[in-house]
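Take a look at the letters that make up each chain.
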Amino acid sequence: MAKAAILEKPGEGLVIGEIAVADPLPHEVLIDTRACGLCHSDLHFIDGAYPHALPLVPGHEAAGVVRAVGSEVKTVKPGDHVVTCLSAFCGHCEFCVTGRMALCLGGDTRRGKGQAPRLTRDGGEPVMQLLNLSAFAEQMLIHEHACVAIDKDMPLDRAAVIGCAVTTGAGAVFNACKLVPGETVAVIGCGGVGLATVNAARIAGAGKVIAVDPLPEKRALAETLGATHTVDALADDAAEQVVRISGDGVDHAIEAVGRQASADLAVKVLRRGGTATILGMMPLDCKVGLGAMDLLSGKKLQGAIMGMNHFPVDLPRLVDFYMRGLLDLDTIIAERIPLEEINAGFDKMRAGHSARSVIVFD
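Residues numbered from 1 in each chain as written. Predicted model: local features only at pLDDT ≥ 70, side-chain atom pairs only at ≥ 80, totals over all residues. Heavy atoms only, no water.

> Give a description of the packing of helix α3 (residues 156–176) against helix α9 (residues 311–323) that names residues and reports values.
Orientation of α3 relative to α9, taken along the N-to-C sense of each, is 105 degrees, at an axis distance of 10 Å. With respect to α9, the axis of α3 lies roughly perpendicular. Contacts between α3 and α9 involve R158, I162, V166, T167, A170, F174 and N175 from the former and D314, L315, L318, V319, F321 and Y322 from the latter. (Axes fitted to C-alpha atoms, helices over the stretch in contact; angles between N-to-C directions. Helix = DSSP H or I, 4+ residues; strand = E, 2+ residues; numbered from the N terminus. Parallel < 35°, antiparallel > 145°, perpendicular 65-115°, else oblique. Contact = heavy atoms within 4.5 Å.)

This is the structure we're talking about:
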């Protein structure tokens with residue numbers, strides 16, 4: 001049995017309970033969870049903005065130690081330290097073989113309808129997995145293509161945030177935007193993902209990195225992580241400020257919060273030929289668009305799920321960036337809490353004044 005935070009009903013928080021975790025099938029990996037970040041994507045399901053079958057164990061930004069592996073697993077072994085990633089890949093679909101692994105729908109990475117569920121409780125009731133991970137639990141049972149082994153010297157509480165926030169933000173810079181040194185970047189929203197984006201833009205050699213957020217404390221964190229300029233997102237002339245700072249608009253505007261106003265702002269601050277990249281999970285009825293003059297100016301708009309990562313390659317590199325002092329994960333983590341304080345952690349996220357909370361398991 002493993003202790004877990006379970007969503008029984010959206011809008012009513014998480015309940016700490018026990019779940020049974022099945023034995024690994026041939027391509028599955030059983031992991032002792034060591035740390036898991038609280039991500040706004042989890043909150044969308046917890047609060048009911050995005051639907052999901054229940055009961056559910058959320059959590060997807062995690063790191064841990066492999067306890068056991070299935071008979072066919074070749075990528076990790078017991079004792080390995082691993083980071084998990086929600087963009088599990090099958091390895092043989094059109095998206096995978098054309099290098100777009102983050103778009104894989106991963107049918108082969110889930111258990112089939114005729115197979116026993118990975119998670120159960122109360123003598124057999126199925127418990128749903130969020131994004132094939134369910135990391136708000138002492139143990140995870142996942143497909144081998146949903147984790148990657150990392151350097152054992154890497155602290156696992158820092159490694160956890162690489163699994164989503166940093167992969168998404170850094171992936172947007174390195175993969176989706178293919179930022180060229182010297183280009184200008186505006187990052188709109190300075191939570192965990194936005195701060196990682198700012199940090200990655202600095203690593204990539206951006207000329208100007210403009211952090212846009214309504215909270216002065218978030219803007220200060222962005223400056224620590226490499227922002228050259230900051231703008232109050234609620235200022236009446238926020239867009240004009242970004243255009244003025246950058247000269248004539250930015251080459252890349254990266255939206256990292258998931259709100260209509262911030263996505264619209266990303267489009268508004270682009271220079272001729274610039275690209276707006278939307279990372280946040282927006283309300284399902286939101287639409288973002290380019291006007292006729294935007295199109296005639298060669299502007300582009302794109303989504304980038306999980307930063308369009310190639311995580312088996314990207315994650316170990318990000319770990320190396322941290323170990324070499326290039327990637328600042330310590331500033332991104334605001335607090336470390338036990339599983340029992342998870343609802344308080346999400347309350348802080350709703351308030352919006354701090355960076356990442358990370359659950360640390362004993």
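Picking up after the structure, the text goes on.
> A description of the environment of H143 should follow, citing residues and the corresponding values.
Among the structural elements, H143 can be located in strand β10 (residues 139–143). Among the residues examined, H143 registers a relative accessible area of 9% and is labelled buried. Separated by 160 residues in sequence, H143 and G303 place their C-alpha atoms 26 Å apart. (Buried < 20%, exposed > 50% of the residue type's maximum accessible area, 1.4 Å probe, protein only.)

> Talk me through the sheet that holds strand β12 (residues 184–188); I want residue IDs and the actual numbers.
If you trace the 6 strands from one edge of the open sheet to the other, you get β14-β13-β12-β15-β16-β17, paired in parallel fashion. At either end of the open sheet lies a strand with only one pairing partner, and these are β14 (229–231) and β17 (300–303). Adjacent strand axes in the sheet meet at a mean angle of 20 degrees when their direction is disregarded. Sheet analysis places β12 next to strand β13 (residues 208–212), joined by 5 bridges and oriented parallel. Bridge pairing in β13 links T184 to K208. Where helix α4 (residues 192–204) meets the sheet, its contacts fall on β12, β13 and β15 (250–255), and the angle it forms with β12 comes to roughly 170 degrees. (Pairing = 2+ DSSP bridges.)

> Break down the nonpolar core for me, citing the residues and quoting the values.
Core analysis: the biggest nonpolar cluster contains 106 residues, and I19, F136, V166, L329, I342 and F346 have the highest contact counts within it. In contact with I342, other than residues within four places in its own chain, are A5, L14, I16, L38, F136, I337 and I359. Of all hydrophobic cores here, the second largest spans 17 residues; its members include V231, A239, V242 and V269. (Core = buried A, V, L, I, M, F, W, Y, C linked by side-chain atoms within 4.5 Å.)

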